[in-house]
Each structure stands twice: as structure tokens, then as C-alpha cells.
Amino acid sequence: MPEDNSLNAVELATEFTIAWLGNQNNRVAADEVPAFLRTMHATINDLSGGSAAAEGQQSGSETTQEFTPAVSVRKSLASKDHIISMIDGKPYRTLRRHLSTHGLTPEEYRARYNLKSDYPMVAENYSAQRREMAKKIGLGSKGRAAKAKAPAADAPAPRPRAKS
């Protein structure tokens, strides 16, 4: 039975490696392919032969892992023009795309660094700039126009005057 698992792991590792190399976006030197195949095989063996204790250790290490912020919360929000990321210490107008490249959602980012739920994801000046642009092009005005017309429709219509 263990031989079947090792054969399956080798076959799976080979298939994954072929698929990975078949992708046009992955450019790899021929010298790196055997190392990738070994890594893929080891990963598959770990995943298929992992015991419950190993899985418990992995999940425990994720919850106890401490993330050290690159900057303090106060410094990250010091400027109105940008927000400094606590991941890499670089300034961004908006953090959403930056967080997605690191596989995080805004909620996960806030939880990771113990931030309040109202911690902004967009710089204050950039948000104001977008708000002004939206008003300039008329976004949301249709709803306001409909609300403005509604009370006028409820008012009684003026009576036509009788001709004498």
C-alpha cells in the first residue's frame, strides 16, 4: 500500500511540474527543473502522508505567528496624501490592491496588526479627490433628483382657472 502512495506522489508531482512548465508565463532555466520536481514531490508527500499531529502543529503555528509592523499606526496615518503599509513601510493612496498582492483582505490586515475596524484603506486626500470627481461627473445625482421630484408629485396640482 505505501508503494501506491509513493507512485501516486511521483505521478502527481510530475503532472504538476509539466503543467507548471507548460505555462507560458513561467520562464525557468533547465537547471532549475529537477529542483522544482523534488520540491513538488516533497510537498505532495507531506500533504498526503501528514499525520494529525503535523496538521495540528501547522495550524497552531499560524495562530501564534506574530507580525511586526513596519511602522506604527500613528505614523501610517500621519499624512493625508498616503497611508503607509505596515507590511513593507511604503506609502500607498489605497491599500486594497497592495493587500491583495499579499493575499490579505482589509479585515485580515486589520486583524493581523490589531487595528480598529474603522482603520482607513484609502488616503484622506485621495478619497476627497475621488468624491469631487464623482460629484463633477454626476454620480449619485439620479437618486437625489428622484427624491427631489417625489415631494413635488405628492403636492396637489394647481386647479385650472375657469374662463369668465
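Residues numbered from 1 in each chain as written. Predicted model: local features only at pLDDT ≥ 70, side-chain atom pairs only at ≥ 80, totals over all residues. Heavy atoms only, no water.

**Some remarks on the overall build of the protein chain**
Helix and strand counts for the protein chain come out as eight helices and two strands. Listing each helix as α and each strand as β along the protein chain from the N terminus yields α-α-α-α-β-β-α-α-α-α. Counting all 164 residues of the protein chain, 15% fall into the buried class. Taking the contacts inside the protein chain whose residues are at least 6 apart along the sequence as the reference set, 43% of them involve residues at least 24 apart. Accessible surface computed for the protein chain: about 13200 Å², of which carbon and sulfur atoms make up 54%. (Helix = DSSP H or I, 4+ residues; strand = E, 2+ residues; numbered from the N terminus. Buried < 20%, exposed > 50% of the residue type's maximum accessible area, 1.4 Å probe, protein only. Contact = heavy atoms within 4.5 Å. Areas by Shrake-Rupley, 256 points an atom, 1.4 Å probe, with all protein chains shown as cover.)

**Digging into helix α7 (residues 124-137)**
Here α7 is 14 residues long and its end C-alpha atoms lie 20 Å apart, about the 20 Å a rise of 1.5 Å per residue gives. Immediately downstream of α7, the backbone of Gly138 shows phi near 90 degrees, a positive value. (Expected span 1.5 Å × (residues − 1).)

**Concerning the nonpolar core**
Counting 13 residues, the largest nonpolar core has Met86, Leu95, Leu99, Tyr109, Leu115, Tyr119 and Met121 as the members making the most contacts within it. For Met121, the residues in contact, after removing those within four places along its chain, are Ile83, Arg93, Thr94, Leu95, Arg96, Leu99, Pro106, Tyr109 and Arg110. (Core = buried A, V, L, I, M, F, W, Y, C linked by side-chain atoms within 4.5 Å.)

**Details of the packing of aromatic side chains**
Scanning the model with the defined rule gives three aromatic pairs in all. Plain terms: the ring middles of Tyr109 and Tyr113 are 5.4 Å apart, the flat faces sit at 70 degrees to each other, and that makes the pair edge-to-face. For the pair Tyr109 and Tyr113, a shared accessibility class is recorded, and that class is buried. Their ring planes at 50 degrees and their centres at 6.3 Å tell us that Tyr109 and Tyr119 sit as a pair that is tilted. Highlighted residues: Tyr109 in helix α6 (residues 106-112) and Tyr119 in the loop between α6 and α7, separated in sequence by 10 residues. Across the pair, exposure class does not vary: Tyr109 and Tyr119 are buried alike. Above the ring of Phe67, the side-chain terminus of Arg112 is found at 3.7 Å from the ring centroid. (Phe/Tyr/Trp six-rings, centres within 6.5 Å; stacked < 30°, edge-to-face > 60°. Lys NZ or Arg CZ within 6 Å of the ring centre and 35° of its normal.)

**Some remarks on a nonpolar patch on the surface**
On the surface, Met133, Ile137 and Leu139 cluster together into a nonpolar patch covering about 330 Å² of accessible area. Here Ile137 shows up in helix α7. (Patch = residues over 30% accessible without salt bridge, like charges linked within 9 Å, V, L, I, M, F, W, Y side chains within 5 Å. Salt bridge = Lys/Arg side-chain N within 4 Å of Asp/Glu carboxyl O.)

**Here we look at the environment of Ala9**
Considering the arrangement of structural elements, one finds Ala9 in helix α1 (residues 2-22). Looking at Ala9, the relative accessible area reads 2%, which means it is buried. The sequence separation of Ala9 and Ala42 amounts to 33 residues, and the corresponding C-alpha distance is 8.6 Å.

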